[in-house]
Amino acid sequence: MVKCLSLNVKGLNSNAKRRLTLTECKSQRADIVFLQETHFDRTGSFRFASRLYPRAYSAHADTKTAGVAILLSSTCPLQVDASWSDPQGRYIILSASLGGVPLTLCNVYAPNSNQLTFLKTVLSRLAKYPPAAMIIGGDFNVAFSEQWDRLSTGNVPPSRAQKELSTGFRRLIRQYSLYDFWRINFPSSKAYSFYSHPHRTHTRIDYFFGNTPALRLLRGADMGSITWSGHAPITILIDPGTRQTRMCHWRLN
């Protein structure tokens, strides 16, 4: 069984933040870690050396903004064949195998505007990769459903633009035949991975998505409490040793 963790860390340029992140990874016993907003620039190095996570793959921008990384624990059996890093530091792709199963991993940090344009670019690139189980995790900066994944404590209804963004997001995910792993495990639950203080709004914007081959590897999904970073950790369990046929009954038009 392999555990994947996704967390927006809001910058790792201080020793304190790096210690907090490492403590979170250790407490979750994560094998594969998807980090967003590392905030390292391209001129520097990815400063997250740890004997527990000796392998790190990262993407950086020219300035200390955005930034994503995938960390692999010292005991993680994932074999990485190739990696591709977005020059803007918004996503990274690994071509790998796990227990003999071809696996493509993508870690995403979407911008807070023009999300659909960005995600179309990411998914179009992924569609060119050889057939494999595909897992896409990260901070997508958009609620999948305004009804299920957004709660305003100020009793402010979602705007027309927000509704259209969520609708477009769902259509895009369906177009590429992807599944929301947390929602599959919690079809009638409401939980939120981020709270915006200025907007007084809870949203679920952090996800793990996967295609049908990846869904067959899925053994569980969970969402923790919102942490020091302002985001909740999202986790999934995958097992390449026993691929089962799994049915998904949850659908939102």
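Owing to the predicted nature of the structure, the values given are computational and were not obtained by experimental measurement. (Residues numbered from 1 in each chain as written. Predicted model: local features only at pLDDT ≥ 70, side-chain atom pairs only at ≥ 80, totals over all residues. Heavy atoms only, no water.)

(A) The arrangement of the nonpolar core in detail. By size, the foremost hydrophobic cluster in this structure holds 36 residues, and its most contacted members are Ile32, Leu78, Leu105, Ile135, Phe181 and Ile236. When near neighbours in sequence (up to four residues on either side) are disregarded, Ile32 contacts Val2, Lys3, Cys4, Leu5, Ile70, Leu71, Leu72, Cys76, Leu78 and Leu105. In this structure, Leu116, Phe118, Ile173 and Phe209 belong to the second largest nonpolar core, which totals 22 residues. (Core = buried A, V, L, I, M, F, W, Y, C linked by side-chain atoms within 4.5 Å. Buried < 20%, exposed > 50% of the residue type's maximum accessible area, 1.4 Å probe, protein only. Contact = heavy atoms within 4.5 Å.)

(B) Representation of the layout of surface pockets in the model. Looking at the largest pocket, its volume works out to about 500 Å³. The wall of the largest pocket is formed by 22 residues, among which Arg150, Gln162, Ser196, His199 and Thr203 lie closest to the centre. Counting residues per element, the ones that place at least two in the lining of the largest pocket are strand 9 (150-152), helix 3 (160-175), strand 11 (194-196) and strand 12 (201-203). When residues in the lining of the largest pocket are grouped by element, the largest group, three residues, is from helix 3. Among the residues making up the lining of the largest pocket, the classes are represented as nine nonpolar, 11 polar and two charged. (1 Å grid on protein atoms, 1.4 Å probe; cavity = no way out; pocket = protein on both sides within 12 Å on 5 of 7 lines; lining within 4 Å. Points joined across faces, edges and corners; volume = space filled by probe spheres on them. Helix = DSSP H or I, 4+ residues; strand = E, 2+ residues; numbered from the N terminus. Nonpolar A, V, L, I, M, F, W, Y, C, P; charged D, E, K, R; others polar.)

(C) Quick look at the sheet that holds strand 8 (residues 133-139). Here we have six strands laid out as an open sheet, ordered 5-6-7-8-13-10, and mixed in their pairing. Across the chains shown, the open sheet's two edge strands, defined by having one partner strand only, are strand 5 (79-85) and strand 10 (179-180). Pairing between strand 7 (residues 101-109) and strand 8: seven bridges, direction parallel. Along strand 8, the bridge assignment pairs Val108 with Gly138. Across the face of the sheet, helix 2 (residues 115-126) comes into contact with strand 5, strand 6 (91-98), strand 7 and strand 8 while running at roughly 165 degrees to strand 7. (Pairing = 2+ DSSP bridges. Axes fitted to C-alpha atoms, helices over the stretch in contact; angles between N-to-C directions.)

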